[in-house]
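Structural features, examined
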Amino acid sequence: MRDRGPRALTCFVRGLKLSLSKPYLALALWLIQLLMAAVLVLPISNSLHAMLDHSPAADKMVANPDYGWWETVRRTHPDLLGNFPELATGLLSPEGVKWSELPNLRGIGAVAFSLALLATVLHAFALGGMLGTLREPSSSLVTFGREGMRRMPAFLVFTFAAFGSAFAAYEWIYQRSGEEMRERAHALPTEPMALAVTGIRLLALVLALAIIKLLADSVRVVWVARPDLPPVSRFFFGIGGALSRPLRLFGILGVYAVLTAGLYVIWLILDPSAGGEARFALVPLILSQQVFVFIRLLIKIGYYAGVSEALTRTPPPEYAYSGASAPPPRPDEVPLENA
Amino acid sequence: MSAKARAWATGLLGLALVSSSLARADEFPPPAVASYQITCKLDAEAKTVEGTEVLTWKNTTSHPAPTLRFHLYLNAFRNTLSTWWRESGGVGRDGNMPDSWGSIEIRRMTASDGADLLPALRYVAPDDGNPDDRTVAEVILGKPVAPGETISLAIDFLSRLPRVSVRTGYKDDFFMVVQWFPKIGVLQDSGWNCHQFHATSEFFADFGKYDVSIDVPARYRGKVGATGSLAEKERELSGGRILYRFQQDGVHDFAWTADPGYQVIEDTFREAGIGDVALRLLLQPEHSAQAERYLKAAKASLSGYGRVLGPYPYPTLTIVDPPWGARGAGGMEYPTLITGGTSWSAPRAVHRPESVTIHEAGHQFFYGLLASNEFEEAWLDEGFNSYMTDRVLQAAYGPNHVELDVFGLHFPLGIDIHYPLDANRRYFETADWDLLASPSWKFRNRKSYGAMIYSKTALTLATLERLLGTSTMDRVLRLYADRWRYRHPTTKDFVACVRDATGRDWGWFFDRTFYASGVVDYAVEEATSVPAKAPRGLFEKDGALAAGPPADKARPKGYDTVVLVVRRGDVALPVDVLLRFVGGREHRVHWNGEARWTRFRVSGGPRLLEALVDPDEKIVLDVDRSNNGRRPESDPRAATRWTARAVFWIQNMIDFLTVAW
């Protein structure tokens, strides 16, 4: 398959520039995520203050996590953390987690799942707003909100479809194979061989998730870029776009993943939250955390803009909202968007 | 008698007891009760061991023995009707047991006079009456064995080994041949002590001499390890086979292993007064980088245990590293042979291979030399050993670290795990599920068994150590080890040693810990310190009542402090309560902890900084230490910082959740 056009890195850099030129997009996403986090934060914060504010153990907890204290809290307050630690352990295990364990979720784990569902809805809104705004030369938060609401129904369908596909991929590619392979993995001569098998399963899962993501993102980008087409055509144009430029899109996703991972590595090495007040006072700590989140969101928006660049390299003027030969369609003129 | 005189008397008594038992400690080998001469042949393809044993057994009770009872452990894996299967649901030590069956058949049993005993053999199930269990057999003798009399039996047997899941079996060419021969139970004055094979029980046997010849295919040359030492050089046999002969006196079991893949590493442990021991490490090649970790841990164990419990009397210690897929064979102890447990990516900062090796090597003392009944009082070996493991690990390596498992790879987290408290936290989760002093097969489940037998015992002994002081605790342990070396001690014997070594009766302590299922939990529920107020009301002034306090009370100084300490748990233990005041003043009170609560009031003193119950962390059995202290002043720094961390990571989690779709 021929894959002509700008290289992945070029697309990503262009996308990043676009992202930096519209920082209010990252700001809007940051605000949405912060408010969503507040749903979980308040019960945690209240419990922490109730347990620590009058406790002599608080001194050492300012600087470092105390294993004993946390273990005690986990045990004595099952309402708080619930079985979230077990869920996390299961997710990181070679066998994975069964969906049938979902009804057993308690505490924060259960809330986190509900939050994930809410996050997908808000994410669908944010993506519509973001992609719409990125294509407008002169735009603002108003454009973001308008575009977000305009694309939301269709984007919600894409998001849930991708969400369901990701779940199915996890179950069929990773979890079930883990169950099937358990005995066989133990029958292998050495542990590195078993690790390699897990690695292959994990790689297959990551590949499947990447394909799902790229397909969904391509459809979204084309959906915004080609309002002139009927919905079904836009959908297949999106799929076709992804299939016709797989290397470039994988490249963009790869650059995005490496940059984000690099950001986390830097964060974990510097670890401003460790060491207590001697290292970072509370306000600088919170600021550094939020700056990190903001930078990560700038990169994320850069990725979407990069994908948009790769798929709609030279948007025909007649399809651009602010093109010279075609006036931008007014929201009330494109009822098909919400079909 | 004055306290000083009593202390002298106690000291002299202790010294006398230690000296008298030291004499016993030097008696090696101990008198043989059950000795075995075994010749066996491994069929590596059929996964069977065919053998003949000559058992020489002495009736050491005061009653004649009309029957003999034998353990046939491998029959636990014969089918799904065995007691082991029923109790475990087929879950082994490393996940579900594969459909690979094990068994042991007795094909011939004759007495020294030639009498055929096989027709008189029947299976019994003394613990649960399961008619389908075949792990204990009884033979009716033609003529009872009189007290003090010795008999000899010849037994032919065929052992089918299962795929390793519960200690014994094979994986490919690897063989861990344990609990593999017909083994006589222990006859006591109360009768035969010969329990069935249970999901959560181990073993109990008499001391004796083992002389075992093992015939294996030639590809196992130099790759066979066993209890004891080689009695002669390897001998070539016809048909591409080879024979090894191992001997060991003064032990109560025999295990062996063979794997052509073993990397054999030899070393020596030498410490004056403790032992001169040849260490033989049978290592998997994929773990070759961990050889030093294994050997260092084995030496730390022999040294650490030996200094407290006396010398290790055997000339060898073999350490077996089971291969991948045979972890069910790991983490086990047999006389002079132990199995370790590690993984390819075991990080140095996480002392997993070290803790397993130290623990299993430590069993050479608690199980090997102090051969308590692991069926009935498992805490005497596993729990006491866990306590000592924690001590040795702490001394040799310092705190452990939390491990993060990521898709089978192991990474250390920079969070310390302290001994003994953090290392035994599993007890707290199931603290009141079971009575510690229960037979090992009568626990609610394996989780509770592990928490009670290993962790509660370790924490109980650590608490006792903190109440007695380490040197006194060491004296107790040494007395126990010397007095009961090569014998079968019980909990009562240990409690007697505590009494004899300290001169005080500590029975109450064990009644509340070993023999009670309640929990210990002390908490500071209230701590206030407010400026003292002048009293109000009517006061005597010049012989009459007048309004307002006298001048000396009208302007009170300092603070009025109130501290409420409560006992939330059912179990009462003595605790200290410490009140710390501004300016460095401290007020320490010893509370017997019996009442449900106690209140402390300090009037006109300095402002209270904090109130702590059990400030020195002596009562490590306390199930909730997060409530052991309270400050009158609120300090939100820690909670705010952790909230900030939580916000940050929740933001990241939300972003991650929206990445894939």
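Structure: see above.
As the structure is a prediction and not an experimental result, all values here were calculated from the model.

**Quick word on the overall build of chain A**
Each helix and strand in chain A was counted, giving twelve helices and zero strands. The helix and strand sequence of chain A, counted from the amino end, reads α-α-α-α-α-α-α-α-α-α-α-α. Dimensions of chain A along its principal axes, counting C-alpha atoms only, are 70 × 55 × 35 Å. A burial count over chain A gives 37% of its 339 residues as buried. In chain A, the share of contacts with a sequence separation of at least 24, taken over all contacts with a separation of at least 6, comes to 73%.

**A word on the overall build of chain B**
When its secondary structure is counted, chain B shows 13 helices and 36 strands. Across its three principal axes, chain B shows a C-alpha extent of roughly 115 × 80 × 50 Å. Here chain B holds 661 residues, and the buried ones make up 48% of them. Pairs at least 24 apart in sequence give 70% of the contacts found in chain B among residues at least 6 apart.

**Quick word on the nonpolar core**
Judged by nonpolar contacts, the single largest core of 155 residues is most densely connected at Val177, Ile214 and Ala298 of chain B. Examining the composition of this core, we find that ten residues originate from one element, helix H8 (residues 446–468) of chain B, more than from any other. Leave out the neighbours within four places in its chain, and Ile214 of chain B touches Cys40, Leu42, Val224, Ala226, Leu243, Tyr244 and Trp256 of chain B. Judged by nonpolar contacts, the second largest core, of 54 residues, contains Leu29, Phe155, Leu214 and Leu215 of chain A.

**A look at unusual backbone geometry**
Residues and elements named next belong to chain B. The residue after Phe28, namely Pro29, is reached through a cis peptide bond having omega 0°. Note on placement: Pro29 falls in the loop between helix H1 (3–25) and strand E1 (34–43). Look at the link from Tyr419 to Pro420: it is a cis peptide, with omega at -5°. On the secondary structure map, Pro420 appears in the loop between strand E27 (409–417) and helix H7 (426–429). If you check the backbone angles, Asp172 has positive phi at about 55° while not being a glycine. Mapped onto the elements, Asp172 comes out in the loop between strand E10 (169–171) and strand E11 (174–177). Here Asp172 falls in the partly exposed class, since 16 other C-beta atoms lie within 10 Å of it. The residue Tyr367 is not glycine, and still its phi comes out positive at about 135°. Structurally, the position occupied by Tyr367 is in helix H5 (residues 364–369).

**Notes on the interface of chain A and chain B**
The interface of chain A with chain B comprises 64 residues on the first partner and 52 residues on the second. Among the elements of the structure, helix H2 (23–52), helix H3 (58–63), helix H4 (67–76), helix H7 (107–134), helix H8 (141–187), helix H9 (191–225) and helix H12 (282–311) of chain A are those that each provide at least two residues to the side of chain A that touches chain B. Per-class residue counts for the side of chain A that touches chain B are 40 nonpolar, 17 polar and seven charged.

**Brief notes about the sheet that holds strand E28 (residues 522–531) of chain B**
Residue and element names in this part refer to chain B. Spatial ordering of the open sheet is given by E28-E31-E34, a layout of three strands whose pairing is antiparallel. Of all the strands in the sheet, just E28 and strand E34 (597–605) have a single pairing partner and so form its edges. Across the sheet, the axes of successive neighbouring strands diverge by a mean angle of 10°, strand direction being ignored.

**Regarding the packing of H9 of chain A against H12 of chain A**
The description of two packed helices rests on the angle between their axes and on the distance between the axes. All names here are of chain A. Running from N to C, H9 and H12 cross one another at 70°; their axes reach a closest spacing of 10 Å. Compared by their axis directions, H9 and H12 come out roughly perpendicular. As H9 packs across H12, the resulting crossing turns out to be right-handed. Residue-level contacts link Asp217, Ser218, Val221 and Val222 of H9 to Tyr304, Val307, Ser308 and Leu311 of H12. Partitioned by chemical class, the residues of the contact of H9 with H12 number five nonpolar, two polar and one charged.

**Here's the deal with the packing of H2 of chain A against H7 of chain A**
Residue and element names in this part refer to chain A. Where H2 contacts H7, the two axes come as close as 10 Å, and the packing angle between them is 165°. Looking at the two axes, H2 sits roughly antiparallel to H7. Crossing handedness for the pair H2 and H7: right-handed. Here Leu25, Leu29, Ile32, Met36, Val39 and Leu40 of H2 lie close against H7, whose contacting residues are Ile108, Val111, Ala112, Leu115, Leu118, Ala119, Leu122, Ala126, Met130 and Thr133.

**Details of helix H3 (residues 291–309) of chain B**
In an α-helix there are 3.6 residues to a turn, and that puts residues three or four apart on one side. Residue and element names in this part refer to chain B. Taking 1.5 Å of rise per residue, the 19 residues of H3 would be expected to cover 27 Å, and the 27 Å separating its terminal C-alpha atoms lies within 8% of that figure. The set of residues buried in H3 consists of Tyr294, Leu295, Ala297, Ala298, Lys299, Ala300, Ser301, Leu302, Gly304, Tyr305 and Leu309. Positive backbone phi, at 100°, marks Gly310, one or two positions downstream of H3.

**Brief notes about the sheet that holds strand E36 (residues 629–630) of chain B**
Residue and element names in this part refer to chain B. Pairing is antiparallel across the open sheet formed by four strands, whose spatial order is E33-E32-E35-E36. Of all the strands in the sheet, just strand E33 (586–591) and E36 have a single pairing partner and so form its edges. In the sheet, strand E35 (residues 608–613) pairs with E36 via two bridges, with the strands oriented antiparallel. Within E36, the position partnered with Ala611 by the bridge is Arg630.

Definitions and cut-offs
Residues numbered from 1 in each chain as written. Chains lettered and ligands numbered in written order. Predicted model: local features only at pLDDT ≥ 70, side-chain atom pairs only at ≥ 80, totals over all residues. Helix = DSSP H or I, 4+ residues; strand = E, 2+ residues; numbered from the N terminus. Buried ≥ 20, exposed ≤ 12 C-beta atoms within 10 Å, placed from the backbone. Contact = placed C-beta atoms within 7 Å. Core = buried A, V, L, I, M, F, W, Y, C linked by C-beta atoms within 7 Å. Nonpolar A, V, L, I, M, F, W, Y, C, P; charged D, E, K, R; others polar. Pairing = 2+ DSSP bridges. Axes fitted to C-alpha atoms, helices over the stretch in contact; angles between N-to-C directions. Parallel < 35°, antiparallel > 145°, perpendicular 65-115°, else oblique. Left-handed = near helix turned anticlockwise from the far one by under 90°. Expected span 1.5 Å × (residues − 1).

Just distances and angles here, no functional claims.
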